[in-house]
Every structure is written in C-alpha cells, then in structure tokens.
Amino acid sequence: MNSSPAGNHSTATPEFRPVAVTRRIEADAATIFKVLTDPRRHTDMDGSGMLRGALTDSPMTGVGDFFVLKMYYSRHGDYQMANHVVEYELNQRFVWEPRRHDIDEPALGHRWGFELIPDGDNATLVTEIYDCSRAPDEDRAHMEDGKIWIEAMTNTLERLDKLCTDQTPATD
C-alpha cells in the first residue's frame, strides 16, 4: 500500500500535488471498474463513513454523466452531492467533480478518482486520487491539502478489495 502525492495529473502545480493511495487488488480491471462506476456500490466501499446511500441507480458510462450520493459530515450534517464525471477511460480511469446537490452552490474545486493499471494475471494496481488544487486556500488548509483523507482512502481501497474478491467488507 502506498500513499503519496500523485505526480502526473493535469491540475498539479509545483506547489501542490494531489494525494494518492495505491493498493494491489487480485481482480481484473474490468471487475474493479464495474464496482467503481456503480454509485450503488460506493456506500459499500466507502472508507470515510460519510456516505449514506445513492440516489442514482445506474452505472456511469462516460464523461458528462453524474451521480448523486447522500452524505453526512459533522461540519454540514446530512447533505447530497452531485458528482459530475470529468474523466472516463473504460477499465482505466474514473474521475468526478462533486458539488452540493441539495443547495445552489458552485463546485467545490475538488476531484476524486481512481486509476487502474493491470499488474500480472488477474491483478490490478488501483490508485485512489484526491485533488483539491482548485479549492479555496482556506478549504485546502483545513484539509491539509488533502492529506486528512489518506486514512479514509486506504480504508476505501481495502473495502474495494474485499468487494472485488468476493469477501464481505467489514461493517462499521
């Protein structure tokens, strides 16, 4: 398991790098991608404990799609996020940009995503990436430029691993 700033993403600048966590999962990229692009599975793989369910019941199929998730965070209480798919490469890359769905508010300047790289027979290196480079400085400071999410990202990849290898993820 690796956690580090991601190095080759278009929003990175010399002073900021997205946060990334990588895990090798013993499943092919297509199996993993199917789980990642199905909003109904996001609650199952959520390592942050913030997701409360999906309002979107169909898988994402390309750039421009969006999915809505019910969430809870102590600073905001219950809320909904609309997640606009901004990058989609079948079985390789899935990235979305969230914004509040339940109130009229501009996009937050954050991006979440996953990259998948085949790693031998029936295994894939899965990297979860969080990029807050477009967020206001105050938000970035509060999140330590995304570093506060490393533990949740690590937990998400562990749960994703269990989902994709027919194990039952631990319930909190």
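See the structure above.
Within each chain, residues carry numbers counting from 1 in the order of the written sequence. Whole-chain, interface and lining totals are the exception, using all residues; otherwise, since this is a predicted model, local features are given only for residues with pLDDT of at least 70 and side-chain atom pairs are given and counted only at 80 or more. By convention in this description, side-chain values take in all heavy atoms of the structure and omit both hydrogens and water.

A.B. asks: Summarise the overall build of the protein; cite the residues concerned and give the values.
C.D. replies: Secondary structure elements follow DSSP: runs of H or I of four or more residues count as helices, runs of E of two or more count as strands, with numbering from the N terminus. Each helix and strand in the protein was counted, giving four helices and eight strands. When the helices and strands of the protein are read in sequence order from the N terminus, they spell out β-β-α-α-β-β-β-β-β-β-α-α. Burial here depends on accessible area, computed with a 1.4 Å probe over protein chains only, as a share of the maximum for the residue type. Under 20% is buried, over 50% is exposed, and the range in between is partly exposed. Residue burial in the protein is summarised as follows: out of 172 residues, 47% are buried. Only heavy atoms enter the contact rule, under which two residues are in contact if any of them lie within 4.5 Å. Within the protein, residue pairs in contact and separated by at least 24 positions form 44% of the contacts whose partners lie at least 6 positions apart. Note on areas: Shrake-Rupley with a 1.4 Å probe; residue coverage comes only from the protein chains shown. Per element, the accessible surface of the protein, about 8900 Å² overall, is 47% carbon and sulfur.

A.B. asks: Give me the lowdown on the pattern of salt bridges, citing residues and values where you can.
C.D. replies: What counts as a salt bridge is simple: a side-chain nitrogen of Lys or Arg found within 4 Å of a carboxyl oxygen of Asp or Glu. This structure, assessed with the given rule, holds 11 salt bridges. For Asp 38, the salt bridge identified is with Arg 40, shortest N-O distance 2.9 Å. Residue Asp 38 is classed as buried on the basis of its relative accessible area of 10%. Classification of Arg 40 by relative accessible area gives partly exposed; the value is 43%. Notably, a salt bridge pairs Asp 44 with Arg 41, separated by 3.1 Å at the nearest N-O pair. Taken together, the residues span about one helical turn, with Asp 44 and Arg 41 both in helix H2 (residues 39–45) at a distance of three residues. A relative accessible area of 31% places Asp 44 in the partly exposed class.

A.B. asks: Residues and numbers for the packing of aromatic side chains, please.
C.D. replies: To describe a pair of aromatic rings, you give the distance between the ring centres and the angle between the ring planes. Pairing of aromatic side chains requires ring centres within 6.5 Å, counting the rings of Phe and Tyr and the six-membered ring of Trp. Pairs whose planes differ by under 30 degrees are stacked, by over 60 edge-to-face, and all others tilted. Scanning all chains against the criterion turns up 11 aromatic pairs. Look at Phe 67 and Phe 94: their rings are 6.2 Å apart centre to centre, the planes differ by 25°, and that puts the pair in the stacked class. Separated by 27 residues along the polypeptide, Phe 67 in strand S4 (residues 66–73) and Phe 94 in strand S6 (residues 93–100) bring together distant segments of the chain. Here Phe 67 falls in the buried class, since its relative accessible area comes to 0%. Look at Trp 112 and Tyr 130: their rings are 4.2 Å apart centre to centre, the planes differ by 40°, and that puts the pair in the tilted class. You can see Trp 112 sitting in strand S7 (residues 111–118) and its partner Tyr 130 sitting in strand S8 (residues 124–131), a full 18 residues away along the chain. As far as the burial class goes, Trp 112 and Tyr 130 line up, both buried. Each member of the aromatic cluster is reached from another via a ring pair, and the members are Phe 33, Phe 67, Tyr 88, Phe 94, Trp 96 and Phe 114.

A.B. asks: Lay out the packing of helix H1 (residues 29–36) against helix H4 (residues 150–164) in plain terms, naming residues and giving numbers.
C.D. replies: Axes here refer to lines fitted to C-alpha atoms; in helices the fit is confined to the stretch in contact. Angles between the N-to-C directions go from 0 to 180 degrees. In contact at an axis separation of 10 Å, H1 and H4 are set at 115° when each is read in the N-to-C sense. Considering the relative orientation of H1 and H4, their crossing is right-handed. Only Leu 160, Leu 163 and Cys 164 of H4 make contact with H1, whose side of the interface consists of Thr 31, Ile 32, Val 35 and Leu 36. Residues are grouped as follows: Ala, Val, Leu, Ile, Met, Phe, Trp, Tyr, Cys and Pro are nonpolar; Asp, Glu, Lys and Arg are charged; all remaining types, including Gly, are polar. Residues of the contact of H1 with H4, tallied by class, amount to six nonpolar, one polar and no charged. Less than a right angle of anticlockwise turn of the near helix away from the far helix marks a crossing as left-handed, whereas a clockwise turn marks it as right-handed.

A.B. asks: Quick one: what's the story with the pairing of strand S2 (residues 19–25), residue by residue and with numbers?
C.D. replies: Counted residue by residue, S2 has five buried out of seven residues, so it is predominantly covered. Pairing geometry for S2 and S8, over seven bridges, is antiparallel. Considered in S8, the bridge of Val 19 is made with Tyr 130. Pairing between strands requires that DSSP locate at least two bridges from one strand to the other.

A.B. asks: Describe H4, and please don't skip the residues or the numbers.
C.D. replies: Expected helix span is taken as 1.5 Å per residue step, with the number of steps being one fewer than the number of residues. Look at H4: 21 Å from first C-alpha to last across 15 residues, which is about the 21 Å you get at 1.5 Å a residue. Looking only at H4, the buried set comprises Ala 152, Met 153, Thr 156, Leu 157, Arg 159, Leu 160, Asp 161, Lys 162, Leu 163 and Cys 164. Asp 166, located one to two residues past H4, shows a positive phi value of around 60°.

These figures capture arrangement, not role.
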